[in-house]
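Fold and contact review
Each chain, letter by letter, is given below.
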Amino acid sequence: MTIEEALEKLESITQELESETTGLDASIILFEEGLTLASTIKSQLEEARLKVEQVIETSQGVFSLESLDLT
Amino acid sequence: MQIGKAEHVYSISELNRASRETLESTFGDVWVRGEISELTRASSGHVYFTLKDDDAEISAVRFRSRTSILTPTPIKQGMLVLAMGRLTVYEPRGRYQFVASLIQPVGEGALQAAIERLKVKLQDEGLFDAAHKQPLPRFPLRIGLVTSPAGAALRDLRSVFERRWPIAELFLFGSSVQGAAAPDELVAAIESARRFSRQAEPLDLLIVGRGGGSAEDLASFSDERVVRALFECPIPTISAVGHEVDFALADFVTDLRAPTPSAAAELAAPSREEIVQQAGRIAQGWKQMLAKRLETREAELTGLLRGYVLRLPVRQIETAAQRFDAAVERIARGLSEKLRIRIGRVDHAADILRLSDPYRPLQRGYSMTFLKGETEPLREAESLPISAELETRLQTGRVISRITEISPASEVIEE
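Residues numbered from 1 in each chain as written. Chains lettered and ligands numbered in written order. Predicted model: local features only at pLDDT ≥ 70, side-chain atom pairs only at ≥ 80, totals over all residues.

Observations concerning the overall build of chain A
Scanning chain A for helices and strands turns up two helices and two strands. Helices and strands appear in chain A in the N-to-C order α-α-β-β. For chain A, the proportion of its 71 residues judged to be buried stands at 23%. Taking the intrachain contacts of chain A between residues at least 6 apart in sequence as the baseline, contacts between residues at least 24 apart amount to 27%. (Helix = DSSP H or I, 4+ residues; strand = E, 2+ residues; numbered from the N terminus. Buried ≥ 20, exposed ≤ 12 C-beta atoms within 10 Å, placed from the backbone. Contact = placed C-beta atoms within 7 Å.)

This is the structure we're talking about:
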């Protein structure tokens, strides 16, 4: 799941929780699902390492990538 | 040496005034060419600087009154200029200086004019129309960079992304960013990024730019071929050319102009802290929402309890209430598997209470009897006084009766 999808999921959980038709038990399940998701987002962002690559087009449409990551 | 009587002895003031008059009348207005250095702007609005060439220099000033009308281009340190003005002496200090009334950057004037003409032409063609602008993605993950592999821009972009949005992957399409080859190389890099995005990995965003430099250095980003290549590029694009004050035609054709490369990186993506905080706020909102729902549920249950005329044993009610409190507390702390079980129990407790409604048996044809005025239902017949008044509750309504006879327990048929 991308960060964008995860954030959208968080927003949709909020909508479901706000909905009157969602029962208490279902709410608890949603709530816990959301908390897990939120902590996944957090650790994904906190553990991310920037990747930098130089793209070299060796011939038209053929690419080779050369890492410029800091070592 | 002796001073002759005929010789005039000047005071310093006289000498300086005479020098000034001589200079002013001899030269009148002159044009000079030189480089600006030691530029200082006084709070009065006057600008002091030195004009120099390789071998010599002269102090110069541009008074404030001249500043706004005659010199549309702000002068900068290191700028090569043609200046018109008069030579004079600042008498109190005996300083010989040039008072500029017109300053015009050399070369830049022609370059600027060409860029202006091109701007009008491309504008008329509609290249800069708002209709062509596309929204930038909120969370770009694959970001192309068109800039010099050795430049300050790459270093700045990289360090800002490292700090704020390290989840991104940066793809550098290297190009020189100044000099005669730069426009062609920039076009090639932009087109390469397009092909890469289409055939290899789709790019969410492209940042095109370079760090600060002279007007000539930045001119590649106003080159017609570069502007057209950017116009043709379907990837959402941010331009970041030079410093805040610099503008290039690339800025007009891209979807967003950033004042500097660092700013481009900040405009491109949110910071991870913002996202983590946002997720935290959302979760906090849920906790409040759930705590509120539990309170409502608790109120319902309390209402249910109050509804009974006959109370359940106090201990049972307290247990149910405590379970509620614990559940609410746990919700507030954001837990867990166990919580769900407890909530289940609380709901179950409510069901038990409902099932143990003392009036329920009445619906099945049983009745309850009380000594009139008492609240505890009668269980034993033996000790009741003859002729006492009784109240019997049926499914609907009550009956008041009087005791006429009491039978011992053994005579009652067991169910």
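Topic: the overall build of chain B
In terms of helices and strands, chain B carries 13 helices and 13 strands. For chain B, the residues scored as buried account for 27% of the 415 residues in total.

Some thoughts on the nonpolar core
Residue and element names in this part refer to chain B. Residues Leu 145, Ile 190, Ile 207 and Ala 250 are the most contacted members of the largest nonpolar core, which totals 69 residues. Mapped onto the domain boundaries, this core takes at least three residues apiece from domain 2 (111-270) and domain 3 (273-355). In this view, Ile 190 contacts Val 146, Val 208, Ala 229, Leu 230 and Cys 233; residues no more than four positions away in its chain are not counted. Counting residues in hydrophobic clusters, the runner-up holds 12 residues, among them Ile 36, Val 47, Ile 75 and Ala 83. (Core = buried A, V, L, I, M, F, W, Y, C linked by C-beta atoms within 7 Å. Domains from an automatic or database assignment.)

Comments concerning the sheet that holds strand 4 (residues 80-90) of chain B
As a general point, the strands of a sheet are linked pairwise by backbone hydrogen bonds and lie either parallel or antiparallel. All names here are of chain B. Pairing is mixed around the closed barrel formed by five strands, whose spatial order is 1-2-3-5-4. Here the strands of the sheet are splayed against their neighbours by 55° on average, with no regard to which way each runs. Where strand 2 (residues 47-52) lies against strand 3 (residues 57-62), six bridges are found, and the strand directions are antiparallel. The residue bridging Lys 52 from the neighbouring strand is Glu 57, located in strand 3. (Pairing = 2+ DSSP bridges. Axes fitted to C-alpha atoms, helices over the stretch in contact; angles between N-to-C directions.)

Describing the sheet that holds strand 12 (residues 389-393) of chain B
All names here are of chain B. Ordered in space as 11-12-13, the three strands form an open sheet in which the pairing is antiparallel. The open sheet has two free edges, formed respectively by strand 11 (368-371) and strand 13 (398-402), since each of these has just one partner strand. Adjacent strand axes in the sheet meet at a mean angle of 25° when their direction is disregarded.

Points about the packing of helix 4 (residues 152-164) of chain B against helix 9 (residues 261-268) of chain B
All names here are of chain B. Helix 9 packs onto helix 4 with a crossing angle of 30° between their chain directions and a minimal axis gap of 8 Å. The pairing of helix 4 with helix 9 is recorded here as roughly parallel in orientation. Read as a crossing pair, helix 4 and helix 9 show a hand that is right-handed. Along its contact with helix 4, which presents Ala 153, Asp 156, Leu 157, Val 160, Phe 161 and Arg 164, the element helix 9 presents Pro 261, Ser 262, Ala 264, Ala 265 and Glu 266. (Parallel < 35°, antiparallel > 145°, perpendicular 65-115°, else oblique. Left-handed = near helix turned anticlockwise from the far one by under 90°.)

Observations regarding the interface of chain B and chain A
Think of interface size as the accessible area that goes away when the parts come together; that is how it is often given. Counting residues at the interface gives 37 residues for chain B and 31 residues for chain A. Of all the secondary-structure elements, those providing two or more residues to the side of chain B that touches chain A are helix 4, strand 7 (169-174), helix 5 (182-199), helix 10 (272-306) and helix 12 (337-355) of chain B. The element best represented in the side of chain B that touches chain A is helix 10 of chain B, accounting for 12 residues. The residue inventory of the side of chain B that touches chain A, partitioned by class, reads 23 nonpolar, five polar and nine charged. In terms of strand pairing, strand 1 (residues 51-59) of chain A meets strand 7 of chain B through four bridges, oriented parallel. Bridge pairing in strand 7 of chain B places Lys 51 of chain A opposite Glu 169 of chain B. (Nonpolar A, V, L, I, M, F, W, Y, C, P; charged D, E, K, R; others polar.)

Section: the confidence of the model for chain B
Overall, the predicted model of chain B reaches an average pLDDT of 83, with 79% of residues at or above 70. At the level of chain-chain contacts, confidence expressed as ipTM amounts to 0.87, with global pTM at 0.60. (pLDDT = per-residue confidence, 0-100.)

Structural notes on the pairing of strand 1 (residues 29-41) of chain B
All names here are of chain B. Sheet analysis places strand 1 next to strand 4, joined by seven bridges and oriented antiparallel. Opposite Val 32, over in strand 4, you have Ala 83 as the bridge partner. As paired elements, strand 1 and strand 2 share five bridges and run antiparallel to each other. Directly across from Arg 41, in strand 2, lies its bridge partner Val 47. Taken together, strand 1 and the strand that follows it, strand 2, pair antiparallel across an intervening segment of five residues, in which Gly 45 is found at a positive phi of about 105°.

Looking at helix 7 (residues 224-232) of chain B
Three or more residues of helix 7 of chain B are buried, namely Val 226, Val 227, Ala 229 and Leu 230 of chain B. Mapping the buried residues of helix 7 of chain B onto a view down its axis gives an arc of 160°, with all of them on the same face. (Arc of directions from axis to C-beta.)

Re the confidence of the model for chain A
Per-residue confidence for chain A gives a mean pLDDT of 85, with 97% of residues at or over 70. The element-level mean pLDDT for chain A is lowest in helix 2 (residues 24-47) of chain A, coming to 83, with strand 1 of chain A highest at 95.

A few points about unusual backbone geometry
All names here are of chain B. Positive phi, normally seen in glycine, also occurs at Glu 38, with a value near 50°. When you line up the elements, Glu 38 lands in strand 1. Residue Glu 38 is classed as partly exposed on the basis of its 13 C-beta neighbours within 10 Å. Look at Ser 387: it is not a glycine, yet its phi comes out positive at around 70°. Relative to the elements of secondary structure, Ser 387 occurs in the loop between strand 11 and strand 12.

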